[in-house]
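What follows is each chain in one-letter form.
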Amino acid sequence: MGRKSLFGPDRICAVVAAPTAQEMARQLRRALRLTRTVELRLDWLKGNREIVRLLSWLRVHRPRATLIATCRRRSAGGKFSGGVAEQLAVLMTAVAAGCTWCDVELETAQRLRPGGLQSMLGRGRGLISWHDFRRTPASLRAVLHGLERCRGDAIKVATQCNSIRESLRVQALARGRRNVVAVPMGEIGLPVRVLALRQGSALAYAPVEQATAPGQVSLEEMKQLYRADKLDRRTRVYGVIGNPVAHSLSPLLHNTGFIARRMNAVYLPFLVRDLRDFLDAIQPLGIAGFSVTLPHKQVILRHLDGCDPLAEAIGAVNTVVVRGGGMLYGYNTDYVGVLRALERRVALRGSRVLIFGAGGAARAAAFALAQGGALVAVLARSEAKARGLARAVGGEVIERGRLRREFFDAIVNATPVGMFPHARRSPLRTEELNCRLVMDLIYRPMKTELLCRAAQRGIETVSGVEMFLAQGIAQWEIWSGLRAPETAMRSAVLAALRREERERGAA
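Quick notes on the rules
- Residues numbered from 1 in each chain as written.
- Predicted model: local features only at pLDDT ≥ 70, side-chain atom pairs only at ≥ 80, totals over all residues.
- Heavy atoms only, no water.
- Pairing = 2+ DSSP bridges.
- Helix = DSSP H or I, 4+ residues; strand = E, 2+ residues; numbered from the N terminus.
- Buried < 20%, exposed > 50% of the residue type's maximum accessible area, 1.4 Å probe, protein only.
- Right-handed = clockwise from strand over helix to strand, strands pointing away.
- Arc of directions from axis to C-beta.
- Contact = heavy atoms within 4.5 Å.
- Core = buried A, V, L, I, M, F, W, Y, C linked by side-chain atoms within 4.5 Å.

Q: For this particular structure, what's the right way to read the sheet that holds strand E15 (residues 352-356)?
A: Within a beta sheet, neighbouring strands are joined by backbone hydrogen bonds and run either parallel or antiparallel to one another. The strand order across the open sheet built from 6 strands is E17-E16-E15-E18-E19-E20, with neighbouring strands paired in parallel fashion. Two strands close off the open sheet at either side, each with one partner strand: strand E17 (396-397) and strand E20 (460-462). Relative to E17, strand E16 (residues 375-379) is paired through 2 bridges, and the arrangement is parallel. The partner of valine 378 across the bridge, within E17, is valine 397.

Q: What is the right way to read the pairing of strand E10 (residues 265-271) from this model?
A: Residues in a regular strand point their side chains to alternate faces of the sheet. Counting buried positions along E10 yields 7 of 7 residues, so the element is predominantly enclosed. Burial of E10 is two-sided: the residues Ala265, Tyr267, Pro269 and Leu271 facing one way and the residues Val266, Leu268 and Phe270 facing the other way are all buried. Pairing between strand E9 (residues 236-242) and E10: 7 bridges, direction parallel. From the neighbouring strand, valine 237 faces E10, where its bridge partner is valine 266. Tracing the backbone out of E9, into helix H11 (residues 250-260) and back to the parallel element E10 gives a crossover that is right-handed.

Q: Sorry, what's going on with helix H18 (residues 449-456) here?
A: Owing to its 3.6 residues per turn, the α-helix brings residues three or four apart onto one side. Taken together, the buried positions of H18 are occupied by Leu450, Leu451 and Ala454. Seen along its axis, H18 keeps its buried residues to an arc of 95°; they face one direction. Taken together, the buried residues of H18 touch strand E18 (408-413), strand E19 (435-440) and E20. Within two residues after H18, glycine 458 carries a phi angle of roughly 80°, on the positive side.

Q: Just checking my understanding: could you explain the nonpolar core for this structure?
A: In summary, soluble globular proteins display a tendency toward joint burial of nonpolar side chains. The biggest cluster of nonpolar side chains holds 124 residues, and the ones touching the most others in it are Leu42, Phe278 and Phe290. Those residues in contact with leucine 42 that lie beyond four places of it in its chain are Met24, Ile51, Leu54, Leu55, Ala69, Thr70, Cys71, Val90 and Ala94. Membership of the second largest hydrophobic core comes to 36 residues, among which are Ala316, Leu369, Val378 and Met439.

Put into C-alpha cells, the structure is as follows:
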C-alpha cells in the first residue's frame, strides 16, 4: 500500500460515463469530491459533437486530476462506432485537452508498429487493456505477455469471473508489480474487486453513476463504505455468503460498526454458488469470519470444525468465526434476533405460533419460540421437513388447508417469498392470516406484501428488520469482542431502507 502509484495518490478511479458532455462534466465534478483519478468514457458520448464539447470544456476548466481517456470500440466491448484511426484521433485530442492517460484496448494497440502508440500520444501515457466479458481464460499469463509486447506505460486485465478462484487468479497478476491493473468482473468477483488495491492492483474502478462493467461498486460505496483505498494486509476481512446476496444490507450494517469503532476491518458480500469455492478462498483473502444466509445455513455444518451447542441443536448456522489454523466454528444468532423481536410484543409462554418454512431461519425461529415457552406449529412446502422441525421442537405440523379455520397468537414467515426484488409476492393469502401478530423475517422491503395484507386486517406487524439488526449486532460482537455501536448501525440500515421505500414510491 505504501508504494508510489503511477496514477497519482488516488488509486480509486472514478468512472464517468454519460451520453452528453453536460452530464459528463456534472459527474466529473461529483467524482472530484472523492478522488482525483477519473476515467472519462468518451465512447459513451452520443456522437463526435458531444466528444468535442466535453474536450473543449476540459481545455477551459483544466480540472486538477489524473484523467484517463477511454474511447473503446464496439468490437472490444465499448460503444464507439468509428474505426481505429478515428479512435486514436479522439484520444490524441483528449491528451491535448489535459488527459494524462489513454486506455487503449489490445486490439487497437496491436495494429500499431512497436512504439507507435507512444509517439502518437505525445506527452500522454498509454494503458493497454484487455477485456473478456464472458469468462476468465485458462492462460492469463499469455494475455499478460501479449499486453507487455505493446510497450504501454501500464497494462490492464479485466475478465468475467465465474468463481472466486478465478477472481483470485486475476488479482494475482498484479502481485509485486506497480504497473498492472487487475479487474475481476461480475458479481462473484466483487469482493476481490474491492480488495484489489490491497492485493496490489494499480487501480480499482468505481462508477460515479452508470456502471460500465458487471460487478462494479459505486464510487461512494468503494470510498466511504468499503474504504478500499485504506485497506492493507492487516485488515481483517469479514463477509456474508449466500445466493442471492446482492440485496443484503449486512455490508452496510457491519462496515458502519467498523467505521464507528475505527477498526481496520471490512465486510464484503460473497455470491457463493459453490461452497467449496468460498472455503478455499478463506486463507488467501485472510477472512476472519463470515455470515451465512440462504441456501448455505444448514450445509455449512458439514464443513465446520466445531459448533456452539445451540446452533448444533437448531441444525443451522448463520455466523462463523475463523480461528487459528483456519479452524471454523459456528454460531446461530438468528435465535437471538427472533427472541428480541417478538418477546417485547407477545407473551411467548403458552402462546401458539405458526412458523411458515422449514429452512435454516425457520429452525432458529422455531427453537427460539419453543425455548420461550410457545406452542410451535410448522407449515412448509416439504411435509417431511415440516415434520422433522416440529418433532425437534415438540410442536405440530399444520396443513395449508387448515389455516382458514385455525387461530394463532403470531404467524412468522421464514421463507424468502416476498423478498426484494420480488416484493409484490406474499407467501400467505389474506384470509389465511388469522392471528394477533404477523412477523416477516424478510427485511427488504421493510413493509412486505405479507405485512401490508396483515395491516389491512388490523393485525399488528413486525418487520424483519428487527431480527436482522439484532442478529447482525450479535454477530459483530462475536467477531470483534467489543460492544457494538448499535445506534449508528441501526440508523444506517433504517435510513437506507426508508430511502429505498421513498424511491420505490416515487417510481
